[in-house]
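Notes for the structure review
Single-letter residue listing:
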Amino acid sequence: MKAIYSFFILTLLIPIHGLSQSSILIGKVLDEKNQPLPGVNVFIKGSYDGTSTDSEGSFEFETTEKGNQLLVFKMMGFITIEQPVSLTVDRLEIPTLSLKEEYNELNTVTISAGALEASDEKKSVILRPLDIVTTPSAVGDIVGAFQTLPGTSTVGNDGRLFVRGGDASEVGIFIDGLRVGNAYGSTAGNVPTRTRFNPNLFKGTFFSTGGYSAEFGQALSSALALTTKDLAKRNQGDISIMSVGGGYSHTLANEKQSLTVSANLFDLKPYQALIQQNFDWERAPFGRDMEIAAQRKTSQGGLWKILARTESGGMKLWQDQPGQVGRGILMKLNNQYSYIQSNWRKGYENGWSLFGGISFSHNKDRIHLGPVDLNRKNQLIHAKWTAGYDFSDRLSVKNGLEYLRNEYSEALIQEKFERNFSENQAFFFSEWDWYLSRKLVLRAGVRTGYSSLANETWIDPRASLAFKLSENGTLSVAAGRFHQLPEERFRVLNPALENTSSKHLILNYLYQKEGKTFRAEAFHKSYDHLIRFEGSFQNPLNIQNGGEGFARGFDVFFRDRESIKNTDYWITYSFVDSKRSYFQYSNQVQPDFAPKHNLSVVVKHFIVPLKSQLGISWSFNDGLTFTDPNFSGEMNSKTNSFQNLSLSWSYLPRPNLIIHGAITNVTGHSNVFGYQFASTPNSSGTYESVPIGQPAPRFLFLGIFLTLSKDKNANQLNNL
């Protein structure tokens, strides 16, 4: 009986004892504006004890945990707080807490002024990497795809990127932040060129039409920054058989490292034997290249990359001369090019991010033009080191040091005459991002530079401000100053030439909703210290920094991937009013590379039953200016409008097999980009001329791309 009595007493005491071991926590949570914050999860870390704040931001819950614990305050969109508490009393009142909003790429405004991104990683995406290789008029060329974007102009006899009234030399091209020397293939006059690098190498592209980051320099108009891919996903071999050549690429990959080796041959001779050409080719363009791309994760979380490319090629072309009979002058070009770079980057948990890299570009052209035998060399070394630090999710800084060494020479072989220069350049930049709120961000930076050849030091301040008008709309403004040393062909004649300079002011509106993008941008750009000379372009005299000018206008871009099933299309219109005094022109004139009106339309539609994508692109501009010596004045004439309708068909009979065909200028529009005039009038007093046209009425491309891999769904587009 005594035992039963003792058990009864013990049973009554257990719950009393348990209650005496628990603690009650109470408190209140506010936001940054000291307003009650409902819905905050409050709990003891590592336990199930907790609750949520009510409409007044208050909480109260009971816990049986004891001793030193962590009390967690957590809510989506806010920075989580873990506060130490000591549970030694029955009732613990927590001092009122304030949660700060968490800023990240998904909930904050992004600066969009002058920025056109092609990336899967950023939310401000204008083009995806896949779009670059499937735009019909681009025929696989990176620059060709960007010529369908706002702010660009198509100059068909050149092929390079022209941005907002600027010359192609005003666009700087970077790979992983490192400058690429001679990024375009060497070519004969009026034969359009292409970028040297395969678009499959890159996972993202940042193309700025102005007002760009202080991290980039030596580009008056634009920066095109290409980011190489990280680790490859799988082992695979890629075979390419094309109407202009072929190649093979092999990739070995595991979780820590990957290596891709590619080799390609191209020769337009068989193609030109079948397709009519406008140009008088003695030897069609030909070439071969080899490329190596390697990536390796380092032991402490960094990533190390190597990219190397070497290529050689050439062409022979008869160039018709105005007022002369016969085939004209034979132009022969042989080119050798090498590029190698290595870079390393790592982000640390304490907020630091480091980057270091170095690149080397070497280009050699051997040019025979009639009696002239010219050897031209250019070498560029670029070393760069950056350090970034996130003070918080609202304030960050990026600082960098750069060194460039440029060596240039040109020699007349028969005359045994050579002229050259070499110089060292040094740069420092610092750029700060400050989120004043989720809707307002300020970016301010400065870039300084020094040139040993020009003995010149300069400072470029730059700033951007973006405000989020609505959930999908952003208004941005950007301004800054930019310097660029003149082209080597002028500096070798006058090493004392100083920087040309430009000031940018950009106002941008961007609307992005799932599947739809609308972008409108107005700009004003001034030029100063442009190159001017006396005489002709072929024989410039008294070269100096005496030119100036401006470019102003606006552009509109609309892309829709949502409204029509399996259809993606974008429309671009750009207006550019540009005038400058430059080269041999004594007055400000509209440059011969800056048409006023530019329009592009690109449509892609996937036909599921046929396993095919049909692409259509149409480009238009209102013509290029030129000087007709038969009339008074400079840039007194203009060519007819440029038009190019291109089609493409991509057929995927199997996941690992792609058959792609494309044809440019389907309508056979006779595009003329200017005229070459005789230096003296004929017997009747007229300066005779020959038109500068396109190499052929059309260009046809057919390619078969086969991927060999254990993963039967792998193909050459998987990594884009």
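In this text, all values refer to a predicted model and were calculated from it rather than measured experimentally.

1. Focus: the overall build of the protein
Summing up its helical and strand segments, the protein has five helices and 41 strands in all. When each of the 720 residues of the protein is scored for burial, the buried share is 49%. In the protein, the share of contacts with a sequence separation of at least 24, taken over all contacts with a separation of at least 6, comes to 59%. Accessible area for the protein stands at about 33,900 Å²; split by element, carbon and sulfur atoms hold 57% of it. Each charge class in the protein was averaged separately, 72 positive and 69 negative side chains, and the resulting centres sit 4 Å apart.

2. Overview of the sheet that holds strand S5 (residues 67–74)
Spatial ordering of the open sheet is given by S3-S2-S5-S6, a layout of four strands whose pairing is antiparallel. The sheet is open, and its two borders are formed by strand S3 (50–52) and strand S6 (81–87), each paired with just one other strand. Sheet twist, expressed as the mean angle between neighbouring strand axes with direction ignored, is 20°. Here three bridges tie strand S2 (residues 41–44) to S3, and the two strands are oriented antiparallel to one another.

3. What to know about the pairing of strand S16 (residues 236–242)
Taken together, the seven bridges between S16 and strand S17 (residues 245–253) define a ladder with antiparallel strand orientation. Counterpart to methionine 242 in the pairing with S17 is glycine 245. Where S16 folds back onto S17 in an antiparallel hairpin, the turn is made up of two residues. Relative to strand S41 (residues 699–708), S16 is paired through six bridges, and the arrangement is antiparallel. The partner of glycine 237 across the bridge, within S41, is leucine 708.

4. Notes on the side chain of arginine 234
Following the sequence through the fold, arginine 234 ends up in the loop between strand S15 (222–228) and S16. Looking at arginine 234, the relative accessible area reads 17%, which means it is buried. Reaching out from arginine 234, the side chain makes a polar contact with the side chain of glutamine 236 at a distance of 3.1 Å.

5. Structural notes on the nonpolar core
Counting residues in hydrophobic clusters, the biggest one holds 29 residues, and the most contacted among them are Phe146, Leu161, Ile175, Phe197, Leu224 and Tyr339. At the level of elements, helix H3 (142–146), strand S12 (171–175), strand S14 (202–208), S15 and strand S21 (329–347) are the ones that each hand at least two residues to this core. Counting residues per element, this core draws most heavily on H3, at four residues. Non-local contacts of isoleucine 175, meaning those with residues more than four positions away in its chain, are made with Val180, Phe197, Phe202, Leu226, Thr228, Leu307, Tyr339 and Gln341. Listed in part, the 18 residues of the second largest apolar core include Leu497, Ile531, Ile543 and Met635.

6. Here we look at the environment of tyrosine 687
The residue tyrosine 687 is located in the loop between strand S39 (672–677) and strand S40 (689–693) in this model. Looking at tyrosine 687, the relative accessible area reads 25%, which means it is partly exposed. Separated by 365 residues in the primary sequence, tyrosine 687 and proline 322 place their C-alpha atoms 8.4 Å from one another. Ignoring any residue separated from it by four or fewer positions in sequence, one finds tyrosine 687 in contact with Pro629, Asn630, Phe677, Ala678, Ser679, Thr680 and Pro681.

7. Re a nonpolar patch on the surface
On the surface, Leu465, Phe467, Leu469, Leu475, Val477, Leu505 and Leu507 cluster together to form a nonpolar patch covering roughly 560 Å² of accessible area. Only strand S27 (456–468), strand S28 (473–484) and strand S29 (500–513) provide two or more residues apiece to the nonpolar patch. What makes phenylalanine 467 partly exposed here is its relative accessible area of 37%.

8. A short note on the confidence of the model for the protein
A low pLDDT score tells you not to read the predicted coordinates there in detail. Chain-level statistics for the protein give a pLDDT mean of 90 and a share of 93% at 70 or above. Taken together, the stretch residues 1–20 has pLDDT below 50 and engages in two contacts with residues farther than four places along the chain or on a different chain. Per-residue pLDDT stays below 50 along residues 119–125; that stretch engages in 25 contacts with residues further than four places along the chain or on separate chains.

9. Comments concerning the pattern of salt bridges
Following the criterion strictly, the structure yields 35 salt bridges and no others. The residue arginine 164 makes a salt bridge to glutamate 521 at a minimum N-O spacing of 2.6 Å. Taken as a pair, arginine 164 in the loop between strand S11 (162–163) and S12 and glutamate 521 in strand S30 (residues 516–535) lie far apart in primary sequence, 357 residues in all. Residue arginine 164 shares its accessibility class with glutamate 521, and that shared class is buried. Between arginine 366 and aspartate 373 there is a salt bridge, with its nearest N and O atoms 2.9 Å apart.

10. As for the environment of glycine 165
Within the element layout of this structure, glycine 165 appears in the loop between S11 and S12. On the basis of relative accessibility, which here comes to 5%, the residue glycine 165 falls in the buried class. Each C-alpha atom of the pair glycine 165 and serine 153 lies 8.3 Å from the other, and the pair is twelve residues apart in sequence. The contacts of glycine 165, once residues within four sequence positions are left out, are Tyr527, Ala551, Val576, Ser578, Arg580, Pro591, Phe593 and Ala594.

11. Things to note about the packing of aromatic side chains
Under the counting rule described, the total for this entry stands at 30 aromatic pairs. The residue whose ring lies beneath arginine 196 is tyrosine 337, and the NZ or CZ to ring-centre distance is 3.8 Å. Between the NZ or CZ atom of arginine 309 and the centre of the ring of phenylalanine 197, over which it lies, the distance is 5.8 Å.

12. Focus on unusual backbone geometry
Although it is not a glycine, asparagine 34 adopts a positive phi angle of roughly 60°. Given the relative accessible area of 55%, asparagine 34 is considered exposed. Its identity as a non-glycine residue notwithstanding, asparagine 455 has a phi of 50°, on the positive side. Position of asparagine 455 among the secondary structure elements: in the loop between strand S26 (440–451) and S27.

13. A look at the environment of leucine 700
Relative to the assigned elements, leucine 700 resides in strand S41. Each C-alpha atom of the pair leucine 700 and valine 244 lies 9.5 Å from the other, and the pair is 456 residues apart in sequence. Setting aside its immediate chain neighbours within four residues, leucine 700 contacts Ser243, Tyr271, Ala662 and Ile663.

14. Considering the side chain of serine 262
Along the chain, serine 262 turns up in strand S18 (residues 257–267). Only 3.0 Å separates the side chain of serine 262 from the side chain of serine 249, close enough to count as a polar contact.

Reading the values: rules and limits
Residues numbered from 1 in each chain as written. Predicted model: local features only at pLDDT ≥ 70, side-chain atom pairs only at ≥ 80, totals over all residues. Heavy atoms only, no water. Helix = DSSP H or I, 4+ residues; strand = E, 2+ residues; numbered from the N terminus. Buried < 20%, exposed > 50% of the residue type's maximum accessible area, 1.4 Å probe, protein only. Contact = heavy atoms within 4.5 Å. Areas by Shrake-Rupley, 256 points an atom, 1.4 Å probe, with all protein chains shown as cover. Lys, Arg positive; Asp, Glu negative; His and termini not counted. Charge placed at Lys NZ, Arg CZ, Asp CG, Glu CD. Pairing = 2+ DSSP bridges. Axes fitted to C-alpha atoms, helices over the stretch in contact; angles between N-to-C directions. Polar contact = N/O pair within 3.5 Å; in protein donor to acceptor, adjacent residues only side chain to side chain. Core = buried A, V, L, I, M, F, W, Y, C linked by side-chain atoms within 4.5 Å. Patch = residues over 30% accessible without salt bridge, like charges linked within 9 Å, V, L, I, M, F, W, Y side chains within 5 Å. Salt bridge = Lys/Arg side-chain N within 4 Å of Asp/Glu carboxyl O. pLDDT = per-residue confidence, 0-100. Phe/Tyr/Trp six-rings, centres within 6.5 Å; stacked < 30°, edge-to-face > 60°. Lys NZ or Arg CZ within 6 Å of the ring centre and 35° of its normal.

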